[in-house]
Amino acid sequence: MKTTEFVKSLRSKSAADLKAELAALRKEQFKLRMQSAVGQLTQSNLVHDVRKKIARVKTVMQQQATQAKAS
């Protein structure tokens, strides 16, 4: 999924859905970190991608929280 499509899908989700998405990404990050430590990670770029996705989810969560306070 492209970045713009991913962000659009995040913006349409509720706060609870975003928390679930964040938890899933954190679990994926942990799994990749363990694979890297053992030496089983073949695609090291996935670590970077997951970190960026976590940042995007957290950004959207912060923006939604700010909008909720403003209105």
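One structure accompanies this document, and this report is about it. Because the structure is predicted, anything quoted here is derived from the model rather than measured. Once a new chain begins, its residue numbering starts again from 1 and follows that chain's sequence as written. With the structure being a predicted model, the display of local features is reserved for residues of pLDDT at least 70 and the display and counting of side-chain atom pairs for 80 or more, all residues being used for whole-chain, interface and lining totals. Computation of side-chain values covers all heavy atoms of the structure but excludes hydrogens and water.

The next subject is the overall build of the chain. Across its full length, the chain holds 3 helices and 0 strands. Secondary structure elements in the chain, listed N-terminal to C-terminal, are α-α-α. Here the chain has a C-alpha radius of gyration of 14 Å; the compact-globule value for 71 residues is 11 Å, and the former is much larger. Based on the C-alpha atoms only, the size of the chain along its principal axes is roughly 50 × 20 × 15 Å. Relative to its full complement of 71 residues, the chain shows a buried share of 18%. Whether two residues are in contact is decided by their heavy atoms, any of which lying within 4.5 Å being enough. Long-range pairs, those at least 24 residues apart, make up 70% of the contacts in the chain with a sequence separation of at least 6. For the chain, the accessible area works out to roughly 5,400 Å², and carbon and sulfur atoms hold 53% of it. Counted as positive: Lys and Arg. Counted as negative: Asp and Glu. His and the chain ends are not counted at all. Note that the charge is assigned to NZ on lysines, CZ on arginines, CG on aspartates and CD on glutamates. Charged side chains in the chain number 15 positive and 5 negative. The centres of these two groups are separated by 7 Å. Secondary structure elements are defined from DSSP: runs of H or I of at least 4 residues count as helices, runs of E of at least 2 residues count as strands, and each element is numbered from the N terminus. What the globule rule says is 2.2 Å times the number of residues to the power 0.38, and the radius of gyration is computed from C-alpha atoms. Exposed residues in this analysis have more than 50% of their type's maximum accessible area, buried residues have under 20%, and partly exposed residues fall in between, with area computed by a 1.4 Å probe over protein chains only. The Shrake-Rupley method, run with a 1.4 Å probe sphere, supplies the accessible areas, and residue values consider only the shown protein chains as cover.

Our next topic: the packing of aromatic side chains. The rule is short: rings of Phe, Tyr and Trp, with Trp giving its six-membered ring, pair when the centres are within 6.5 Å, and they are stacked under 30 degrees, edge-to-face over 60, tilted in between. Here the structure, examined in full by the defined rule, presents 0 aromatic pairs. Consider the ring centre and the ring normal. A charge sits over the ring if Lys NZ or Arg CZ is within 6 Å of that centre and within 35 degrees of that normal. The lysine or arginine in question, lysine 53, covers the ring of phenylalanine 6, its NZ or CZ lying 5.4 Å from the ring centre.

What tends to happen in soluble globular proteins is that the nonpolar side chains get buried as a cluster. Listed in full, the 11 residues of the largest apolar core are Phe6, Leu10, Leu18, Leu22, Leu25, Leu32, Leu41, Val50, Ile54, Val57 and Val60. With near-sequence residues (within four places) excluded, valine 57 lies in contact with Phe6, Leu10, Leu18, Glu21, Leu22 and Leu25. Among buried residues, the Ala, Val, Leu, Ile, Met, Phe, Trp, Tyr and Cys ones that are joined through side-chain atoms within 4.5 Å form a nonpolar core.

As a further point, take the pattern of salt bridges. Salt bridges are defined as contacts in which a side-chain nitrogen from Lys or Arg sits within 4 Å of a carboxyl oxygen from Asp or Glu. Across all of its chains, the model carries 2 salt bridges by this definition. Lysine 13 is paired through a salt bridge with glutamate 21; the nearest N and O atoms lie 3.1 Å apart. For glutamate 21, a relative accessible area of 21% corresponds to the partly exposed category. Ionic pairing is found between glutamate 28 and lysine 31, a salt bridge with its closest N-O pair at 3.6 Å. Remark: lysine 31 and glutamate 28 occur in helix α2 (residues 15-38); sequence separation between them is 3 residues, near one turn of the helix. In this structure lysine 31 comes out as partly exposed when scored by relative accessible area, which is 42%.

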